[in-house]
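# Summary of structural features
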Amino acid sequence: MGGDERLRLFCALLLPCDAVEALVRWQEAELVPAGGALRVVSRENLHVTLAFLGSTPAARLPDIVAALERARSGLAAPLLDAVRYRETRSVGMIQLSDEGARAEALAERLWDGLERLGVYTREERRWLPHVTVARFRTRPRLAPAMPALGEVVPSDAAVMISRLRPGGVQYEVFESVSLGG
């Protein structure tokens, strides 16, 4: 990647395999039967977004990884659990609880570091820990049963590259950092 190339970037908590598998089984049981214009998010794209940076020079990637490493330093790994299904005008999500606000503390430290780098502007709305599980053009107004995730302890956070493809968006882990979970 050239230093002047621009990439769509975000930082995310990576979900453990058992949580991803539970979400995929839940999607197949609760969302796929809804059909219509609803598109389930692929297993490879299930994550918890910490910060969306958008178009960013590739040359800034090392600084962004360093900011993520600094943000997680000294923090206990987040402990998440499914709370409820929620829809916005274009996505369906599983809202997550955040025991002790550990994930939020990580996100806030990350935002501070990214703002100091000049690559991020903090959103005005409060951060909501969630996993996007479906996308749609018309809100289906579903009321599915909750997925049986149990406690979810992400072991890694990552700087991700979002690539727009004809078949949909594809996320790639650029670099991950251990959360000690």
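Report follows, based on the coordinates.

Rules used in this analysis
Residues numbered from 1 in each chain as written. Predicted model: local features only at pLDDT ≥ 70, side-chain atom pairs only at ≥ 80, totals over all residues. Heavy atoms only, no water. Phe/Tyr/Trp six-rings, centres within 6.5 Å; stacked < 30°, edge-to-face > 60°. Helix = DSSP H or I, 4+ residues; strand = E, 2+ residues; numbered from the N terminus. Buried < 20%, exposed > 50% of the residue type's maximum accessible area, 1.4 Å probe, protein only. Pairing = 2+ DSSP bridges. Axes fitted to C-alpha atoms, helices over the stretch in contact; angles between N-to-C directions. Left-handed = near helix turned anticlockwise from the far one by under 90°. Contact = heavy atoms within 4.5 Å. Nonpolar A, V, L, I, M, F, W, Y, C, P; charged D, E, K, R; others polar.

Within a pair of aromatic rings, the relevant descriptors are the distance that separates the centres and the angle that separates the planes. Evaluation of the coordinates by the stated rule reveals 2 aromatic pairs. Residues Phe10 and Tyr171 carry aromatic rings whose centres are separated by 4.9 Å and whose planes lie at 75 degrees to one another, so their mutual orientation is edge-to-face. With Phe10 in strand β1 (residues 6–14) and Tyr171 in strand β8 (residues 168–178), the pair connects residues that are 161 residues apart, well separated along the chain. In this structure, Phe10 and Tyr171 share a single accessibility class: buried. Centroid distance Trp26 to Tyr85: 6.2 Å. Interplanar angle 45 degrees. Geometry classified as tilted. With a gap of 59 residues between them, Trp26 in helix α1 (residues 17–31) and Tyr85 in strand β4 (residues 80–87) connect regions that are remote in the sequence.

A sheet is described by the order of its strands in space; here 4 strands give the open sequence β3-β1-β7-β8, paired in antiparallel fashion. Where the open sheet ends on each side, the last strands, each with one partner, are β3 (47–57) and β8. Geometrically, the sheet is characterised by an average inter-axis angle of 25 degrees between neighbouring strands, direction not taken into account. With 9 bridges connecting them, β1 and β3 associate as antiparallel partners.

Here we take up the packing of helix α2 (residues 61–72) against helix α3 (residues 102–117). Angle between the axes and distance between the axes: these two values describe a pair of packed helices. Between α2 and α3, the shortest axis-to-axis distance is 8 Å and the interhelical angle comes to 145 degrees. As α2 packs across α3, the resulting crossing turns out to be right-handed. Of the residues in α3, those touching α2 at Asp63, Ile64, Ala67, Leu68, Ala71 and Arg72 are Leu106, Arg109, Leu110, Gly113, Leu114 and Leu117. Across the contact of α2 with α3, the residue classes tally to 8 nonpolar, 1 polar and 3 charged.

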